[in-house]
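# Examining the three-dimensional arrangement
The chain contents come next:
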Amino acid sequence: MAGDAATPLLALERLEVAYGGIQAVRGIDLFVGKGELVCLIGANGAGKTTTLKGITGLQPVSGGTVRYEGEDVTGAPAFQLVRRGLAMVPEGRGVFGGLTIEENLAMGAYTRKDRDGIRADIERVFALFPRLKERRRQTAGTLSGGEQQMLAIGRAMMSRPRLLLLDEPSMGLAPLMVQKVFETILAVSGEGVTILLIEQNAKLALEVSHRGYVMESGEVTLAGDAKELLHDPKIRAAYLGVGA
Amino acid sequence: MASEGRPPGLRSPPFRGGRSRNPPRPRTNAAATHRGPRLPPTDPSRPLDIFLQQLVNGLTLGSVYAVVALGYTMVYGIIQLINFAHGEVVMIGALTAYSVIVALTGAQVPLPALAIVLVGAMVAIPVCMAVGYTLERTAYRPLRKAPRLAPLITAIGLSIILQNLAMIIWSRNPLSYPQIIQTVPYHLTGNPNGATITNVQIAILVTSVAMMGGLLALVYRTKLGIAMRATSQNPVVAGLMGVDINRVISLTFVIGAALGAVAGVMVGSYYGIAHYQMGFLLGLKAFSAAVLGGIGNLAGAMLGGLLLGVIEALGAGYVGDLTNLCQLSGWFDALAQRCASDPNVTLFGSNYQDVFAFLVLILVLVFRPSGLLGERVSDRA
C-alpha cells in the first residue's frame, strides 16, 4: 500500500506557476508514489489549486518540471494527460449540467473504446451511488451539490485512471455528504488508484491519507507521514483548530 | 434570365446583396404575382390555393434557412461566436456547384441531371468544409480568449474578404445555373390552376429534413455529439475528460460549413442563380431564424428557419392585398376614381419580402430575447 518512492507516479520538481506577474506557486517539490493517497493541504489562497492547474496544463508553468510516470509532461494539455491515465475532479465539481447523468459518465470514459467495459463501469458507479442510478436520465444540473460531487468522482473513475487528482471534494457540502465523499475516496484508493487530494479540511484529509504536504503562500512548508502531521503541534494550531 | 418552368424567384432573386440591382416590380396584386407562373394571375375564387402555394414556397425557403441557421447556432453554441462569414460559406457552395455543373454540362458528360447536381454538391461540400476549417483555424482560434467584440468584427471582415475573393473568381455578374433539371409540378388540390409543389421543392424539403435528422442523431446519439455538447457547456472540464477541444470546435465549423454547402446548392438550383453577394442577405435571414428559435439551440434553429420562411412567404404574398388602398375607396372619392381604372393601389408590394425577416428579428429581440426555444438569456456580443 505504501508508496514506492523510487519510481513516483507523479513528481513535481521546483514547480512554479504564475498568474500574470504574481507567483502563486513558488518552486515546490512533491511526489506521489504508485498506490499512495497523498494530500496537499493549506489555507485558502495557498496555491493548492494553482498547483493542480500547473500539473494539468490548465495554467502555464513558469518554471520547474512535472513528471508523470518518469516522463516530463510539463505544459502538456489536459486531454493528453487523460489519455495517459490521469483524471481530475475539478474544483466546484464541473459536471455538465445540461447532459444527463449517463452522458456525464460516458464523457468520463471518452478516451476508452471498450463499450462493454464502459457499460460495466457505469453500473459499478451506480452500485456505488444508487442515487445516481435513480436519476440516470435526468440532467446533472438537477442534482444537489453532494450528488454532483458523487457524479464528478464517478465520472473521473470512468477513465480507469492510474492517478486521480481531487480538488477540494468537500467544498460546499453538508457534513454528512463530506463523510460519504471521504468514504468513497478511501474506497477508490483501496482499489489501487493513486490519489493526490487537495483539501482545506486538513483533519479529514490527513486522516485518510498516507502522506501529506502543507502549503503556505505558494511554498511547501511541511511534508511527511500523514499521521505524524496530524499530531504535529504547528499543524494542530494552524489547521485543526486545536491549541498547541 | 427568367424562363417558363422555373421557380418564380428567378425573376427577382430574393437573395441579393445589400444594394438592389433589380428594378422595382410593378405594384400589382402581390398575392397573385409573387409566386409561380402556375399560379393563376387572379383566381379570387380559390384563396385556399393561394394560401397553400405560399405555404409550400415558404416551407421550401424556410427549410433552406433552417439548414443555414444550424451553422450559425452550432458555432454559437460551442464558442459563443456569431460567425457572420457563414452566409459567405453558403455562397461559395452555390458558386462552386455552379462551376462544376457548368463544366459538366458544357463537356456534355452523359449523366442524368440529378447526378450532375449531386456531383456539384459533392465538390461544394469539401470546398466549404475547407473554407470553414480555415476560418476557424486562422482567424477565430487565435482570438478564442480575446474580448468577444474582436472575433465578431473579425467575422464581418472575413465575410467581406470572402465576398471579394468570390467576386474575383466568379465575376460580379449573377450567374445562371444551367437549366438541366426539368421542373415537374404536382397539384395539391383539384384545381388545375391551383397550388402545386414541384419536384425541386420536394427534393429541397426532403434533403433538408434528412440533414436536420442526421445532425440531431450526430449531436444526441454519438460520442462526438456528446463531446460537442460537453465542450459547449464547459470546455475546460471537457478537456479534463480527454476531449481535444480544438478538434471538436474545428469539427463544429466543418459540419456547419458542409450543411451550408448543401444549402447553397439548393438555393442555387431553386432560384437558378448564384451571385457573390447572395450570402449576405441569406446569412442575415438565417441568423435571424437562429435568434428566433433561440441561438445555440438546434431544434430552435430548425423551427426558426421554417417559421421565418413561412412568415416571409405569407407576408410577401398578402402584404399587397392587405395594404390595397382600394379597400378604402368608399371613403375617398379620388381613390374611388383611381380604383375604377386600376383595382390595385397597394402601399407595399411583395418586394417588401425582406422586411419580414428583420421585423421578426426585432420583435424577438424586444419581446423574447432568448428565442422561442432558448432557455437562458445570454449576453450577446
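Residues numbered from 1 in each chain as written. Chains lettered and ligands numbered in written order. Predicted model: local features only at pLDDT ≥ 70, side-chain atom pairs only at ≥ 80, totals over all residues. Heavy atoms only, no water.

### Remarks on the overall build of chain A
Looking only at helices and strands, chain A has ten helices and ten strands in total. For 244 residues, the compact-globule estimate of 2.2 N^0.38 gives 18 Å, and the C-alpha radius of gyration of chain A, at 17 Å, lies within 12% of that figure. A buried classification covers 55% of the 244 residues belonging to chain A. Taking all contacts inside chain A whose residues are at least 6 apart in sequence as the whole, residues at least 24 apart take part in 67%. (Helix = DSSP H or I, 4+ residues; strand = E, 2+ residues; numbered from the N terminus. Rg over C-alpha atoms; globule rule 2.2 N^0.38 Å. Buried < 20%, exposed > 50% of the residue type's maximum accessible area, 1.4 Å probe, protein only. Contact = heavy atoms within 4.5 Å.)

### Side note on the overall build of chain B
From N to C terminus, chain B includes 13 helices and four strands. Residues counted as buried form 54% of the 381 residues belonging to chain B. Taking the contacts inside chain B whose residues are at least 6 apart along the sequence as the reference set, 75% of them involve residues at least 24 apart. When the accessible surface of chain B is split by element, carbon and sulfur atoms take 67% of a total near 16200 Å². (Areas by Shrake-Rupley, 256 points an atom, 1.4 Å probe, with all protein chains shown as cover.)

### Remarks on the interface of chain A and chain B
Contacts between the two partners involve 22 residues from chain A and, on the opposite side, 18 residues from chain B. Approximately 1700 Å² of surface area, both sides summed, lies buried where chain A meets chain B, with 67% of it carried by carbon and sulfur atoms. Run the count over chain A and chain B and you get one salt bridge. A salt bridge links Glu103 of chain A to Arg229 of chain B, with the nearest nitrogen and oxygen atoms 2.7 Å apart. (Buried area = accessible area lost by both parts, 1.4 Å probe. Salt bridge = Lys/Arg side-chain N within 4 Å of Asp/Glu carboxyl O.)

### Considerations on the pairing of strand E9 (residues 211-216) of chain A
All names here are of chain A. The buried fraction of E9 amounts to five of the six residues, a majority that puts the element mostly inside the structure. Pairing of strand E3 (residues 37-42) with E9, which is carried by five bridges, proceeds in the parallel orientation. Bridge assignment links Gly42 to a residue of E9, and that residue is Met215. Across six bridges, the pairing between E9 and strand E10 (residues 219-225) is antiparallel. Residue pairing for E10: Val214 is matched across the bridge by Leu222. Here E9 folds back onto E10, and the loop between the two strands holds two residues, one of which, Ser217, carries a positive phi near 45°. (Pairing = 2+ DSSP bridges.)

### Digging into the packing of aromatic side chains
With the rule as written, the count across this model stands at six aromatic pairs over all chains. Seen from the ring of Phe31 of chain A, Arg211 of chain A lies directly overhead, with NZ or CZ sitting 4.1 Å from the centre. (Phe/Tyr/Trp six-rings, centres within 6.5 Å; stacked < 30°, edge-to-face > 60°. Lys NZ or Arg CZ within 6 Å of the ring centre and 35° of its normal.)

### Examining helix H7 (residues 223-233) of chain B
Those residues of H7 of chain B lying buried are Gly225, Ile226, Ala227, Met228, Arg229, Ala230 and Thr231 of chain B. On its buried face, H7 of chain B sits against helix H3 (101-108) of chain A together with helix H2 (47-79), helix H6 (199-221), helix H8 (235-240) and helix H9 (245-271) of chain B.

### Some thoughts on the sheet that holds E10 of chain A
Residue and element names in this part refer to chain A. On the basis of which strands lie adjacent, the open sheet formed by six strands has the order E6-E7-E8-E3-E9-E10 and mixed pairing. The open sheet is flanked by strand E6 (86-89) and E10, the only strands paired with a single partner. Put simply, the sheet's adjacent strands are angled 15° from each other on average, direction ignored. Of the strand pairs in this sheet, E3 and strand E8 (residues 194-199) are connected by five bridges, and their pairing is parallel. For Leu37, the partnering residue across the bridge sits in E8 and is Ile195. Running at roughly 175° to E6, helix H6 (residues 145-157) makes contact with E6 and strand E7 (163-167) of the sheet. (Axes fitted to C-alpha atoms, helices over the stretch in contact; angles between N-to-C directions.)

### Quick look at the confidence of the model for chain B
In this model, chain B carries an average pLDDT of 86, and 86% of its residues clear a pLDDT of 70 or more. Low pLDDT, under 50, characterises residues 1-42 of chain B; the stretch is placed with 99 contacts to residues that sit more than four places away or in other chains. (pLDDT = per-residue confidence, 0-100.)

### Re the sheet that holds strand E1 (residues 8-19) of chain A
All names here are of chain A. Read across the sheet, four strands follow the order E2-E1-E4-E5 without closing on themselves; strand pairing throughout is antiparallel. Of all the strands in the sheet, the pair left with one neighbour each is strand E2 (22-33) and strand E5 (71-72). As paired strands, E1 and E2 are joined by nine bridges and run antiparallel to one another. What sits directly across from Ala18, in E2, is Gln23. Sitting on the sheet, helix H1 (residues 48-55) is in contact with E1, E2 and strand E4 (61-68), with an inclination near 110° to E1.

### Side note on the packing of H2 of chain B against helix H3 (residues 86-106) of chain B
Residues and elements named next belong to chain B. For the pair H2 and H3, interaxial distance at closest approach is 10 Å and the crossing angle is 135°. Judged on the interaxial angle alone, H3 and H2 are oblique. Here H2 runs over H3; the crossing is right-handed. Here H2 contributes Val68, Gly71 and Tyr72 to the contact with H3, which in turn contributes His86, Gly87 and Val90. Each residue belonging to the contact of H2 with H3 can be placed in one class, and the counts come to three nonpolar, three polar and no charged. (Parallel < 35°, antiparallel > 145°, perpendicular 65-115°, else oblique. Left-handed = near helix turned anticlockwise from the far one by under 90°. Nonpolar A, V, L, I, M, F, W, Y, C, P; charged D, E, K, R; others polar.)

### Focus on the pattern of salt bridges
One pass over the structure, following the stated rule, counts 25 salt bridges over all chains. Residue Arg137 of chain A pairs with Glu102 of chain A through a salt bridge whose shortest N-O separation is 2.8 Å. With Arg137 of chain A in the loop between helix H5 (130-134) and H6 and Glu102 of chain A in helix H3, this pair connects stretches of sequence that are 35 residues apart. The exposure class of Glu102 of chain A is buried, given its relative accessible area of 15%. Put simply, Glu312 of chain B and Lys285 of chain B hold a salt bridge, and the shortest N to O gap is 3.3 Å.

### Section: the confidence of the model for chain A
Residue-level pLDDT values for chain A average 90, and 96% of them are 70 or greater. Low pLDDT, under 50, characterises residues 1-5 of chain A; the stretch is placed with twelve contacts to residues that sit more than four places away or in other chains.

### With respect to the nonpolar core
In terms of nonpolar packing, the biggest core is built from 129 residues, with Met107 and Leu196 of chain A touching the most fellow members. Top contributing element to this core by residue count: H9 of chain B, with 16 residues. With near-sequence residues (within four places) excluded, Met107 of chain A lies in contact with Phe96 and Leu99 of chain A together with Ile226, Ala227, Ala230, Met241 and Val243 of chain B. Judged by nonpolar contacts, the second largest core, of 47 residues, contains Ile41, Val125, Phe182 and Val193 of chain A. (Core = buried A, V, L, I, M, F, W, Y, C linked by side-chain atoms within 4.5 Å.)

### Section: the environment of Gly94 of chain A
Inspection of the secondary structure puts Gly94 of chain A in the loop between E6 and H3. Residues Gly94 of chain A and Ala152 of chain A, 58 residues apart in the sequence, show an inter-C-alpha distance of 7.1 Å. Beyond its immediate stretch of four places on either side in the chain, Gly94 of chain A contacts Arg155 of chain A together with Asn234 and Val237 of chain B.

### Notes on a nonpolar patch on the surface
A cluster of nonpolar residues, Val355, Leu359, Ile362, Leu363, Val366 and Phe367 of chain B, forms a patch on the protein surface that exposes about 610 Å² of accessible area. Examined against the element boundaries, Val355 of chain B turns out to sit in helix H13 (residues 353-367). (Patch = residues over 30% accessible without salt bridge, like charges linked within 9 Å, V, L, I, M, F, W, Y side chains within 5 Å.)

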